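These are the residues of each chain, in order.
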Amino acid sequence: AQTVTQSQPEMSVQEAETVTLSCTYDTSESDYYLFWYKQPPSRQMILVIRQEAYKQQNATENRFSVNFQKAAKSFSLKISDSQLGDAAMYFCAYRRSYTGTASKLTFGTGTRLQVTL
Amino acid sequence: DVKVTQSSRYLVKRTGEKVFLECVQDMDHENMFWYRQDPGLGLRLIYFSYDVKMKEKGDIPEGYSVSREKKERFSLILESASTNQTSMYLCASSLTGQYSPLHFGNGTRLTVT
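If you're wondering where the values come from, they're calculated on a predicted model, not measured in any experiment.

Caption draft 1: The arrangement of the pattern of salt bridges in detail. Tallied over the entire structure, the rule returns 9 salt bridges over all chains. Between A:E52 and A:K55 there is a salt bridge, and its shortest N-O distance comes to 3.1 Å. B:R36 is paired through a salt bridge with B:D38; the nearest N and O atoms lie 2.8 Å apart. Residues participating in the shared-partner salt-bridge network are B:R36, B:D38 and B:R44.

Caption draft 2: Unusual backbone geometry, seen in detail. All names here are of chain A. Even without being glycine, A16 reaches a positive phi, approximately 80°. Residue A16 is classed as partly exposed on the basis of its relative accessible area of 49%. In this structure, K73 is a non-glycine residue whose phi angle is positive, near 55°. Mapped onto the fold, K73 is located in the loop between β8 (64-69) and β9 (74-79).

Caption draft 3: Expanded view of the packing of aromatic side chains. Scanning all chains against the criterion turns up 15 aromatic pairs over all chains. Ring centres 5.3 Å apart and planes at 35° place the aromatic pair A:Y32 and A:Y94 in the tilted group. Separated by 62 residues along the polypeptide, A:Y32 in strand β5 (residues 32-39) and A:Y94 in strand β10 (residues 88-96) bring together distant segments of the chain. Exposure class is identical for A:Y32 and A:Y94. Each is buried. Aromatic pair A:F107 and B:F104: ring centres 6.2 Å apart, planes at 70°, arrangement edge-to-face. In this pair, A:F107 is assigned in strand β11 (residues 106-107) and B:F104 in strand β10 (residues 103-104), connecting two distinct chains. A relative accessible area of 2% places B:F104 in the buried class. We note A:R43 situated over the ring of B:Y10; from NZ or CZ to the ring centre the distance is 5.2 Å.

Caption draft 4: Structural detail: the interface of chain B and chain A. Taken together, the 31 residues of chain B in the interface contact 25 residues of chain A. Together chain B and chain A conceal approximately 2,400 Å² of surface at their shared face, both sides included; 51% is due to carbon and sulfur atoms. Together, B:Q98, B:Y99 and B:F104 form the three largest contributors to the area buried by chain B at its contact with chain A, with a combined 33%. Joining chain B to chain A, the criterion identifies 1 salt bridge. At the boundary of chain B and chain A, one finds 10 residue pairs in polar contact (both at pLDDT 80 or more). Elements supplying a minimum of two residues to the side of chain B that touches chain A: β4 (31-38), β5 (42-51), β9 (87-94) and β11 (108-112) of chain B. Ranked by the residues each element gives to the side of chain B that touches chain A, the list is headed by β5(B), at 5 residues. Classifying every residue of the side of chain B that touches chain A by side-chain character gives 14 nonpolar, 13 polar and 4 charged.

Criteria and cut-off values
- Residues numbered from 1 in each chain as written.
- Chains lettered and ligands numbered in written order.
- Predicted model: local features only at pLDDT ≥ 70, side-chain atom pairs only at ≥ 80, totals over all residues.
- Heavy atoms only, no water.
- Salt bridge = Lys/Arg side-chain N within 4 Å of Asp/Glu carboxyl O.
- Buried < 20%, exposed > 50% of the residue type's maximum accessible area, 1.4 Å probe, protein only.
- Helix = DSSP H or I, 4+ residues; strand = E, 2+ residues; numbered from the N terminus.
- Phe/Tyr/Trp six-rings, centres within 6.5 Å; stacked < 30°, edge-to-face > 60°.
- Lys NZ or Arg CZ within 6 Å of the ring centre and 35° of its normal.
- Contact = heavy atoms within 4.5 Å.
- Buried area = accessible area lost by both parts, 1.4 Å probe.
- Polar contact = N/O pair within 3.5 Å; in protein donor to acceptor, adjacent residues only side chain to side chain.
- Nonpolar A, V, L, I, M, F, W, Y, C, P; charged D, E, K, R; others polar.

The following block contains the structure:
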């Protein structure tokens, strides 16, 4: 079974600074998909960014980017120019490639990010 | 925008009660999911459904059942609620496709006393 590990339960960053959240995963497959979700205090989980394993280029969405290291099975999230609204719980998730029915996402335990003035 | 609506934001039930958590999505998504969220454990999949009347067990199905009679609605049923089922429950939906993201509801915080 695939596992996703987020080793940082909590992180803190000052406004306008850059922070990196780590995520590692365990899989024997070569084709899969990776996601970062954000859960603010409102509880609504929101997709931040996603990456296909067969693409070597790291995904970027505005201030959010990933460092995808396939050999190391690492998928870290970098938030640049941090804003107060970035304060949230961040979850890393893995989905295996499939040919049949719906494939589930396996989530990590989350990292709580605090943004300070 | 996809809207996933969970019927209750907070729910308090007694041990032994039968509990229904309802979820409705408005974007004609084939797939629907029920996750449970607990501090330090992240999100764990209870059940998912890839079509009407079709369901598959997730990682922690014990004590739960589901129903999907219509494409837009996916219900989670606790047959006899227990205190260890006190948790946050998140419903999600998605299109079929490996790259399709999950769209989540706002969650139901269930307390079983």
